[in-house]
Amino acid sequence: MSHKVPFPPPEHEELSIEEKVDCTGALWDHITADTDKVPVPDWHHEILEERLAKYSDGKGGLKTDGWQTWEEIKEELTKH
């Protein structure tokens, strides 16, 4: 059974913004260290399946061979 942890922890308010960001990153790294235990929502899987289907059908906005060079991407972005 889990217990309720005060949020944010009292010490957290003493930290600078940079330290809070570092703390959040470290906490996330700790949580995701064992990826088998991190739940992935069904809608994430659905989006990935949709994107893979578009890629496989050639409708994903990519060139017919499926890849663009960095130079092609930069040129496309700077046109607009």
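Because the structure is predicted, anything quoted here is derived from the model rather than measured.

> Could you clarify how one ought to interpret the overall build of the chain in this entry?
Per the secondary structure count, the chain includes three helices and zero strands. In the chain, the succession of helices and strands from N to C terminus is α-α-α. Residues counted as buried form 4% of the 80 residues belonging to the chain. Total accessible area on the chain stands at roughly 8,000 Å², and carbon and sulfur atoms take up 59% of it.

> Mind showing me how you'd approach the pattern of salt bridges here?
Between side chains of opposite charge, a pair can form when the charged atoms approach closely. This structure, assessed with the given rule, holds two salt bridges. With its nearest N and O atoms 3.9 Å apart, the salt bridge here joins Lys 20 to Glu 13. According to the relative accessible area criterion, Glu 13 is exposed, its value standing at 51%. Note that Lys 37 is salt-bridged to Asp 34, the shortest N-O span being 3.7 Å. The class for Asp 34 is partly exposed, based on a relative accessible area of 33%.

> Just to check I follow, could you spell out the layout of surface pockets for this structure?
Summary: where empty space remains is shown by rolling a probe the size of a single water molecule over the atoms. Estimates place the volume of the largest pocket at around 200 Å³. Around the largest pocket sit Phe 7, Pro 8, Pro 9, His 12, Cys 23, Thr 24 and Leu 27, which together line it. Of the residues contributing to the lining of the largest pocket, the split by class is five nonpolar, two polar and no charged.

Conventions used here
- Residues numbered from 1 in each chain as written.
- Predicted model: local features only at pLDDT ≥ 70, side-chain atom pairs only at ≥ 80, totals over all residues.
- Heavy atoms only, no water.
- Helix = DSSP H or I, 4+ residues; strand = E, 2+ residues; numbered from the N terminus.
- Buried < 20%, exposed > 50% of the residue type's maximum accessible area, 1.4 Å probe, protein only.
- Areas by Shrake-Rupley, 256 points an atom, 1.4 Å probe, with all protein chains shown as cover.
- Salt bridge = Lys/Arg side-chain N within 4 Å of Asp/Glu carboxyl O.
- 1 Å grid on protein atoms, 1.4 Å probe; cavity = no way out; pocket = protein on both sides within 12 Å on 5 of 7 lines; lining within 4 Å.
- Points joined across faces, edges and corners; volume = space filled by probe spheres on them.
- Nonpolar A, V, L, I, M, F, W, Y, C, P; charged D, E, K, R; others polar.

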